[in-house]
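# Structure assessment
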Amino acid sequence: MSLLEVNDLRVSFACRNTWFRSRSGDFVAVDGVSLTVAPDEIVGLVGESGSGKTTVARAIVGLVRPGSGSVLLDGVPLGPVGRRTTAQQRAAQMVFQDPRSSLSPRMTVAAIINEAWRTHPESAPPGDRTAALHRLLDDVGLDASVARHRADELSGGQCQRVSIARALAVRPRLLVCDEAVSALDVSVQAQILRLLVDLRERHHLAMLFISHDLGVVHQIADRIAVMRRGVVVEEGRTTDVLGAPRHEYTRSLLDAALELSTTDAQDG
């Protein structure tokens, strides 16, 4: 049985630009997307900027209201954030693209994690929270001393680890990672990808990993869904999609990833 099930999802936004309008007068960002994520599975959702993949992510975590279709967790429909139970809100957590902008620069790391526990007290550890906080930071590869620092005192990679720790603090079952490594240096990207794979194993997490780069997704995903202009044009096991892509758009993304990889190797 699937942990996450997205069925015929459609999301539109009001748009004044006639070039992007549909017949209804709206911009159709997602046009009938269906996908599943099984327990402990990592699914990559790939597409260029504007393909609709981030809108899918935001609909899953309740930040965007679909026009039609459904999002189910364990077979139970998920509504907007305000209509989700506390357990449903905890179950699906999002890791955003820009780690700095997703963290308050005025709060220490300890305050950021404790805020998550205050919001969801049922997930807060019993007893001494300081010890639990240090264990959580260690879980994402951060030293306990980071707890007293503010986000604006940390590197981009450290900030993203804090963002992941904040998500883990409420014990989710699904992480939705929206371009979670695209703002990081290549070497740091690899570290975060290895961390996510390790966390999947240790915490039995499922993930929807969103990226514009097939070269990144192939390092982490069990399956891949390729989006273009609001539609999934190809999906399958990672080895199948990368080894024998069926859609021309997938082939162009793969060619771009291979060209970038070759350029990086020459520059190095």
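As a starting point, this report considers the structure included with it. (Residues numbered from 1 in each chain as written. Predicted model: local features only at pLDDT ≥ 70, side-chain atom pairs only at ≥ 80, totals over all residues. Heavy atoms only, no water.)

## Some thoughts on the overall build of the chain
Across its full length, the chain holds nine helices and ten strands. Scaling as 2.2 N^0.38, a compact globule of 268 residues should have a C-alpha radius of gyration of about 18 Å, and the chain matches this with 19 Å. Referenced to the eigenvectors of the C-alpha coordinate spread, the extents of the chain come out at roughly 55 × 50 × 40 Å. Expressed as a percentage of the 268 residues in the chain, the buried residues total 47%. (Helix = DSSP H or I, 4+ residues; strand = E, 2+ residues; numbered from the N terminus. Rg over C-alpha atoms; globule rule 2.2 N^0.38 Å. Buried < 20%, exposed > 50% of the residue type's maximum accessible area, 1.4 Å probe, protein only.)

## Examining the pattern of salt bridges
Pairing between side chains of opposite charge can happen when their charged atoms approach one another. Counted under the stated rule, the structure contains 13 salt bridges. Between Arg-150 and Asp-152 there is a salt bridge; the shortest N-O distance is 3.4 Å. Connected through salt bridges with shared partners, the residues Asp-8, Arg-10 and Asp-31 form a single ionic network. (Salt bridge = Lys/Arg side-chain N within 4 Å of Asp/Glu carboxyl O.)

## Some remarks on the side chain of Ser-102
With respect to the helices and strands, the residue Ser-102 is situated in the loop between strand 6 (92–95) and helix 3 (109–119). Only 3.1 Å separates the side chain of Ser-102 from the backbone oxygen of Pro-99, close enough to count as a polar contact. Setting aside anything within four residues of it in sequence, one finds Ser-102 in contact with Phe-96, Ser-163 and Arg-166. (Polar contact = N/O pair within 3.5 Å; in protein donor to acceptor, adjacent residues only side chain to side chain. Contact = heavy atoms within 4.5 Å.)

## With respect to the environment of Arg-194
When you line up the elements, Arg-194 lands in helix 6 (residues 186–203). C-alpha separation for the pair Arg-194 and Arg-135, spaced 59 residues apart in sequence, amounts to 19 Å.

## Quick look at the pairing of strand 8 (residues 206–211)
Burial within strand 8 is extensive, with six of its six residues counted as buried. Across the two faces of strand 8 the burial is the same, with Ala-206, Leu-208 and Ile-210 and Met-207, Phe-209 and Ser-211 all buried. With respect to chirality, the unit in which strand 7 (residues 174–178) leads through helix 6 into the neighbouring parallel strand 8 is right-handed. (Right-handed = clockwise from strand over helix to strand, strands pointing away.)

## Quick notes on the sheet that holds strand 7
The sheet built from six strands is open, its strands ordered 6-7-8-3-9-10 with mixed pairing. For this open sheet the edge positions go to strand 6 and strand 10 (231–237), each flanked by a neighbour on one side alone. The average angle at which neighbouring strand axes cross in this sheet is 15°, direction not considered. The pairing of strand 6 with strand 7 spans four bridges and is parallel. Within strand 7, the residue paired with Met-94 across the bridge is Val-176. Sheet contacts for helix 1 (residues 53–61): strand 3 (42–46), strand 6, strand 7, strand 8 and strand 9 (223–228); angle to strand 7, the most-contacted strand, approximately 150°. Packed on one face of the sheet, helix 5 (residues 156–169) meets strand 6 and strand 7 and runs near 170° to strand 6. (Pairing = 2+ DSSP bridges. Axes fitted to C-alpha atoms, helices over the stretch in contact; angles between N-to-C directions.)

## What to know about the sheet that holds strand 4 (residues 68–73)
The pairing of strands in a sheet happens through backbone hydrogen bonds and is either parallel or antiparallel. Strand order across the open sheet formed by four strands is 2-1-4-5, with antiparallel pairing between neighbours. The open sheet is flanked by strand 2 (26–37) and strand 5 (76–77), the only strands paired with a single partner. The pairing of strand 4 with strand 5 spans two bridges and is classified as antiparallel. Counterpart to Leu-72 in the pairing with strand 5 is Pro-77. Of the strands in this sheet, strand 1 (4–14), strand 2 and strand 4 are in contact with helix 1, which crosses strand 1 at around 115°.

## Remarks on the packing of helix 3 against helix 4 (residues 129–139)
At a closest axis distance of 11 Å, the pairing of helix 3 and helix 4 adopts a crossing angle of 105°. Judged by the angle between their axes, helix 3 and helix 4 are roughly perpendicular. Contacts between helix 3 and helix 4 involve Val-109, Ala-110, Ile-113, Asn-114 and Trp-117 on the former and, on the latter, Arg-129, Ala-132, Leu-133, Leu-136 and Leu-137. Partitioning the contact of helix 3 with helix 4 into residue classes produces eight nonpolar, one polar and one charged. (Parallel < 35°, antiparallel > 145°, perpendicular 65-115°, else oblique. Nonpolar A, V, L, I, M, F, W, Y, C, P; charged D, E, K, R; others polar.)

## Considering the nonpolar core
If you look at the biggest cluster of nonpolar residues, it comprises 53 residues, and the most contacted ones within it are Ile-113, Trp-117, Val-140, Ile-164, Leu-196, Phe-209 and Ile-224. It is helix 5 that provides the largest number of residues to this core, a total of seven residues. Apart from residues no more than four positions distant in its own chain, Trp-117 is found in contact with Ser-123, Ala-124, Pro-125, Arg-129, Ala-132, Leu-133, Leu-136 and Ala-169. Membership of the second largest hydrophobic core comes to 31 residues, among which are Val-61, Val-64, Ala-92 and Leu-174. (Core = buried A, V, L, I, M, F, W, Y, C linked by side-chain atoms within 4.5 Å.)

Keep in mind that these numbers describe shape and distance, not what the molecule does.
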